[in-house]
Amino acid sequence: MTVDVILPCLNEEAALGWVLGRMPDGYRPVVVDNGSTDRSAEIARELGARVVHEPRRGFGAACHTGLLASTADVVCFMDADASLDPRRLPAVAAPVIGGDADLVLGARRPRAAGAWPWHARLGNAALAYTLRRRAGVMLHDLGPMRAAKRVRLVELGLTDRRFGYPLEMVLRAAADGWRIGEVEVAYLPRAGRSKVTGTVRGTLRAIADMRRVMAELG
């Protein structure tokens, strides 16, 4: 089976060689360039990835464009910044491929000091707790590595195009009765400066987007 791997990308030329070089057999990278000003798109193309462009800035916009551009029955999402090892994708996708789950998230476990700054980890834990309490979804991390069936994801009708997209996916899937699980994945220091978790401001912006989605759907 071929699995499409959607990689939202904004100025990740320093990480793409490592990420694409570790892509497992059968996992086809779809790099969604979200307005990079470096050589990200060119490098991705040179390394054999399919490159699509989404000029509207926003994590959700890039993810959804990748989803609509994909053609495989099963799709995965993951960051393109080398904070997640693509070699864990088969473990995350296996329950979906095997029919044991409808959506699987990679629960991040930091493997080095500073890989997951305290402010980002605290915000994520609070959101995961709220998700468990209000939606009954037993997740401990809203991590960016995840797998699901492509057609069913499209049918969820996801509308957020910012940082609320990953949470909206889980909330809509839970409301639709999906079986949702998680698999542990290592969380590594990213290559380059983070646009979100690397700063308190970026983390607060992401949390605000997710709180908005939670208020609308939770």
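Residues numbered from 1 in each chain as written. Predicted model: local features only at pLDDT ≥ 70, side-chain atom pairs only at ≥ 80, totals over all residues. Heavy atoms only, no water.

Visitor: Describe the pairing of strand β5 (residues 103-110), naming the residues involved and giving the relevant values.
Guide: Counting buried residues along β5, 6 of its 8 residues qualify, which places the element largely inside the surrounding structure. Two elements, β5 and strand β6 (residues 146-149), share 3 bridges in a ladder whose sense is antiparallel. Across the sheet, the residue bridging to L103 is A148, located in β6. With 8 bridges connecting them, β5 and strand β7 (residues 180-187) associate as parallel partners. Across the sheet, residue L103 finds its bridge partner in β7, namely I180. (Buried < 20%, exposed > 50% of the residue type's maximum accessible area, 1.4 Å probe, protein only. Helix = DSSP H or I, 4+ residues; strand = E, 2+ residues; numbered from the N terminus. Pairing = 2+ DSSP bridges.)

Visitor: So, the packing of aromatic side chains: which residues are in play, and what are the values?
Guide: With the rule as written, the count across this model stands at 1 aromatic pair. A centroid spacing of 6.3 Å and a plane angle of 25 degrees characterise the contact between F59 and F163, whose relative ring orientation is stacked. Of this pair, F59 sits in helix α3 (residues 59-69) while F163 sits in the loop between α6 (150-155) and α7 (165-175), and the two are 104 residues apart along the sequence. Classification of F163 by relative accessible area gives buried; the value is 17%. The ring centre of Y187 lies 5.0 Å from the NZ or CZ of R108, which sits over that ring. (Phe/Tyr/Trp six-rings, centres within 6.5 Å; stacked < 30°, edge-to-face > 60°. Lys NZ or Arg CZ within 6 Å of the ring centre and 35° of its normal.)

Visitor: Residue-level account of the pattern of salt bridges, with values.
Guide: Scanning all chains against the criterion turns up 14 salt bridges. Between R179 and D102 there is a salt bridge; the shortest N-O distance is 3.1 Å. Taken together, the residues R179 in the loop between α7 and β7 and D102 in the loop between α4 (89-97) and β5 connect sequence positions 77 residues apart. E168 is the partner of R172 in a salt bridge, and the nearest nitrogen-oxygen pair spans 2.7 Å. One end of the pair is R172 and the other is E168, both in helix α7 and 4 residues apart, which spans about a single turn. The class for E168 is buried, based on a relative accessible area of 2%. When salt bridges that share partners are traced, they join E12, D81 and R190 into one network. (Salt bridge = Lys/Arg side-chain N within 4 Å of Asp/Glu carboxyl O.)

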